[in-house]
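For reference, the chains in residue letters:
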Amino acid sequence: MTTIQLSDVSWVRNQKMILSDINWTVKKGEHWAIIGLNGSGKTSILNLITGYTWPTKGTVEVLGHRFGKVDLREVRKQIGWVSASMADRITTDKPLERALDVVISGKYASVGLWENDAHDEDIAYQLLVEMNSEHLADKPLQVLSQGEKQRVLIARAMMSKLDLLILDEPCTGLDVRARETLLQAIDRLAHGQTSHVPTLLYVTHHSEEILPCFTHVLLLKNGKISASGPKHEVMTSEHLSDAFEIDVDLSWRGNRPWIQVESWTQTPSTS
Ligand SMILES: Nc1ncnc2c1ncn2[C@@H]1O[C@H](COP(=O)(O)OP(=O)(O)OP(=O)(O)O)[C@@H](O)[C@H]1O
């Protein structure tokens, strides 16, 4: 079973072609990074995968379900989506809730039930341990830093034994240490010491966030796939210089791709 299959997908909005000719397959056992400049179409692809937008052309299949022939609410129960904006939303809704309860609530998020039992508490605590965050268990959400909140929300998403977990620019706004702590926790999660491992989709603008656990990369440029496939084939200076419209030199350090800007290839756009 493929986890995601987008076939000949295009999406037009207000007469503007936002995504075009997208053919992309994610297989079980792969973890993908999606990388591209602002406005390249990353969020639009996520909205298609989660059924929040409908392609103008082409087909979308996720977790074995062809969209248009399935109850999207059922598919969405298998998909987690963690982003900085979601962290802000949950903090506004539940400012005083302690982190452990926020994690536990992930189990019931999709069906709206609340039946906390001791076993759930153990699992939630274990997930916090996996995310380097057990020391936060009793703290109210509103006092946590951005990075701490992101780790708690990833643990929350993992509570419902997902098949697909979208990490949507999770390092936005984090300083270098908070970023590395979060990345370390994601890497541990991908290696599944204590829990079921979903397929990960990691969306970012920053190549160095592509951890060793990511096997494949989808590189987007102006709503099209600029390159796609195994990480070491896609993450090259040539591919990134083309997609980023700026001359970059890529080198691998710690099995992560770091880029250095060489020179402008053209006038940078304002997007
Ligand atoms: N609902 C919409 N209506 C009209 N235009 C849209 C809509 N959603 C996205 N766009 C446009 O489509 C393009 C791609 O946007 P998208 O949000 O997918 O990019 P992105 O790669 O996620 O960008 P960023 O990195 O800034 O989040 C942008 O030019 C955006 O303005």
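The name given to the protein in an unreviewed UniProt entry is ABC transporter ATP-binding protein, with the source organism recorded as Alicyclobacillus fodiniaquatilis.

(A) Representation of the overall build of the protein in the model. The secondary structure content of the protein amounts to 9 helices and 12 strands. Its C-alpha atoms give the protein a radius of gyration of 19 Å, within 12% of the compact-globule value 18 Å for 271 residues. Seen through its principal axes, the protein has C-alpha atoms that stretch 55 × 45 × 30 Å. By residue count, 49% of the 271 residues in the protein fall in the buried class. Nonlocal contacts in the protein, meaning residues at least 24 apart in sequence, comprise 63% of its contacts between residues at least 6 apart. Summing over all exposed atoms, the protein offers an accessible surface of approximately 12,800 Å²; the carbon and sulfur share of this is 48%. If the 28 positive side-chain charges of the protein are averaged to one point and the 34 negative ones to another, these points end up 4 Å apart.

(B) Expanded view of the sheet that holds strand β5 (residues 65–66). Pairing is antiparallel in the open sheet, where 4 strands are placed in the order β2-β1-β4-β5. If you trace the sheet from one side to the other, it starts and ends with β2 (16–27) and β5, each paired once. As defined by bridge partners, strand β1 (residues 2–13) adjoins β2 across 8 bridges and the pair is classed as antiparallel. Paired with T2 across the two strands is K27, which belongs to β2.

(C) Molecular detail of the side chain of S20. The residue S20 is located in strand β2 in this model. The class for S20 is buried, based on a relative accessible area of 8%.

(D) Local environment of the packing of aromatic side chains. For the coordinates displayed, the defined rule picks out 3 aromatic pairs. Measuring from ring centre to ring centre gives 5.4 Å for Y202 and F214, while their planes differ by 55°; the resulting arrangement is tilted. In this pair, Y202 is assigned in strand β8 (residues 199–204) and F214 in the loop between β8 and β9 (216–221), connecting sequence segments 12 residues apart. Given the relative accessible area of 0%, Y202 is considered buried.

(E) Highlighting the site of the ligand. By nearness alone, 14 residues border the ligand, and G39, K42, T43, S44 and H205 come closest of all. In this structure, G39 approaches the ligand through a main-chain N or O atom, which is 2.8 Å from an oxygen atom. In this structure, T43 approaches the ligand through a side-chain N or O atom, which is 2.6 Å from an oxygen atom. Protein contacts shield 63% of the accessible area of the ligand, which totals 640 Å² for the unbound molecule. Of all the elements in the fold, those that place two or more residues in the shell around the ligand are β1, β2 and α1 (42–49). If you tally residues by element for the shell around the ligand, the top one is α1, at 3 residues.

The rules behind each value
Residues numbered from 1 in each chain as written. Predicted model: local features only at pLDDT ≥ 70, side-chain atom pairs only at ≥ 80, totals over all residues. Heavy atoms only, no water. Helix = DSSP H or I, 4+ residues; strand = E, 2+ residues; numbered from the N terminus. Rg over C-alpha atoms; globule rule 2.2 N^0.38 Å. Buried < 20%, exposed > 50% of the residue type's maximum accessible area, 1.4 Å probe, protein only. Contact = heavy atoms within 4.5 Å. Areas by Shrake-Rupley, 256 points an atom, 1.4 Å probe, with all protein chains shown as cover. Lys, Arg positive; Asp, Glu negative; His and termini not counted. Charge placed at Lys NZ, Arg CZ, Asp CG, Glu CD. Pairing = 2+ DSSP bridges. Phe/Tyr/Trp six-rings, centres within 6.5 Å; stacked < 30°, edge-to-face > 60°. Near = heavy atom within 4 Å. Polar contact = N/O pair within 3.5 Å; in protein donor to acceptor, adjacent residues only side chain to side chain.

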